[in-house]
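# Coordinate analysis (summary)
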Amino acid sequence: MTGRAGLLLLLMIILLPTTVAASPVILTITGNIRHQGESLEQMEFTLEQLQALPQRELTTAHLWAREPHRYLGPDLALLMETLFGHARITTLHLEGLNGYSVAVDWPALAPHQPILAWQENGKTMSRRDKGPLWLLLPFERLSEPQLSDFRHYMVWQLHKIRVFTEPR
């Protein structure tokens, strides 16, 4: 089994539907989801389920913190590939608990390795500190025009992702 195939298998096992959630749902993803041969319109995730996914660490400075901070969270591109690999993702509609929402050009953003950060500098992010989830990029790898284009995509208190797809 290849590394990528093994990782996708692990993701599929982790994302098994649970009958009773011990923790509150912090993220809802909707769209034309395919999971274990089933077509679904929605999947909900607790923090524990997101923490069980393969994590990526990102150390970056940004507009909201002058010195670099260390973030941890699942790789959004890998999660999208797992749930929507049967289709071509065109747009993500992101919504924060504070009511902020934005439509994201996924093909433009995906190559920049966004994460769903749930931890900042070793601490679980609270709602007060932009949590429980914050979409982040490695800002230092972006050009100035990209920073201008992508800055408004960095939704904090992220709780809903609506995924728009078209057939491959």
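Above this note sits the structure.
Residues numbered from 1 in each chain as written. Predicted model: local features only at pLDDT ≥ 70, side-chain atom pairs only at ≥ 80, totals over all residues. Heavy atoms only, no water.

### A short note on the pattern of salt bridges
As a reminder of what qualifies: The rule for a salt bridge is simple: a side-chain nitrogen of Lys or Arg has to be within 4 Å of a carboxyl oxygen of Asp or Glu. Helix and strand assignments come from DSSP, with helices taken as H or I runs of at least 4 residues and strands as E runs of at least 2, each series counted from the N terminus.
With the rule as written, the count across this model stands at four salt bridges. Residues Arg-70 and Glu-57 are paired through a salt bridge, measuring 3.9 Å at the closest nitrogen-oxygen approach. Of this pair, Arg-70 sits in strand β4 (residues 65-74) while Glu-57 is found in strand β3 (residues 55-62), placing the two residues 13 residues apart along the sequence. In this structure, Arg-168 and Glu-81 form a salt bridge, with 3.8 Å as the shortest nitrogen-oxygen distance. Within this pair, whereas Arg-168 is found in the segment after β11 (158-167), its partner Glu-81 is found in helix α3 (residues 76-84), the two being separated by 87 residues in sequence.

### Side note on α3
Put simply, the rule is: For every residue, the accessible area obtained with a 1.4 Å probe (protein chains only) is divided by the maximum for its type, and the residue is called buried under 20%, exposed over 50%, and partly exposed between those limits. Residues adjacent in sequence count toward polar contacts only when both atoms are side-chain atoms; beyond that, a polar contact is any pair of N or O atoms within 3.5 Å, and within protein one must be able to donate a hydrogen and the other to accept it.
Taken across its nine residues, α3 has seven buried, putting it largely inside the fold. Buried residues of α3: Leu-76, Leu-78, Leu-79, Met-80, Thr-82, Leu-83 and Phe-84, and no others. With a side-chain oxygen lying 2.9 Å from the backbone nitrogen of Ala-77, the N-terminal cap of α3 falls on Asp-75.

### Some details on the sheet that holds β4
Note the following rule: What makes two strands pair is DSSP finding at least two bridges between them.
The four strands are arranged β3-β4-β8-β9 in an open sheet whose pairing can be described as antiparallel. Each of the sheet's edge strands pairs with one partner strand only, and the pair in question is β3 and β9 (123-124). For β4 and strand β8 (residues 119-120), the ladder comprises two bridges, and the chain directions are antiparallel. Counted as the bridge partner of Tyr-71 is Glu-120 from β8.

### Brief notes about the nonpolar core
Quick note on the threshold: We call a set of buried Ala, Val, Leu, Ile, Met, Phe, Trp, Tyr and Cys residues a nonpolar core when their side-chain atoms join them within 4.5 Å. Two residues qualify as a contact provided that any one of their heavy atoms is within 4.5 Å of a heavy atom in the partner residue.
Counting residues in each nonpolar core, the largest one holds 43 residues, and the members touching the most others are Leu-27, Ile-29, Met-80, Leu-92, Leu-94, Leu-116 and Ile-161. Looking at this core, the element that brings in the most residues is α3, giving five residues. Filtering out sequence-adjacent residues up to four positions away, Leu-116 remains in contact with Leu-27, Leu-72, Gly-73, Pro-74, Leu-76, Leu-79, Leu-133, Trp-134, Leu-135, Leu-158 and Ile-161.

### A look at the sheet that holds strand β2 (residues 38-46)
We apply this condition: Working convention: axes come from line fits to C-alpha atoms, limited for helices to the stretch in contact. Angles between N-to-C directions cover 0 to 180 degrees.
Within the open sheet, the five strands sit side by side as β2-β1-β11-β5-β6. Their pairing is mixed. Lying at the two open borders of the sheet, with one neighbouring strand each, are β2 and β6 (101-105). Taken over all neighbouring pairs, the strand axes of this sheet differ in orientation by 15° on average, direction set aside. Where strand β5 (residues 87-96) meets β11, nine bridges bridge the pair, whose relative direction is antiparallel. The partner of Leu-94 across the bridge, within β11, is Ile-161. Relative to the sheet, α3 contacts β1 (25-35), β2, β5 and β11, its axis offset from that of β1 by approximately 45°.

### Observations concerning the side chain of Thr-28
Examined against the element boundaries, Thr-28 turns out to sit in strand β1. Given the relative accessible area of 14%, Thr-28 is considered buried. Leaving out residues up to four positions away in the same chain, Thr-28 has contacts with Gln-42, Met-43, Glu-44, His-159, Lys-160 and Ile-161.

Functional significance is not addressed by these values, which are geometric in nature.
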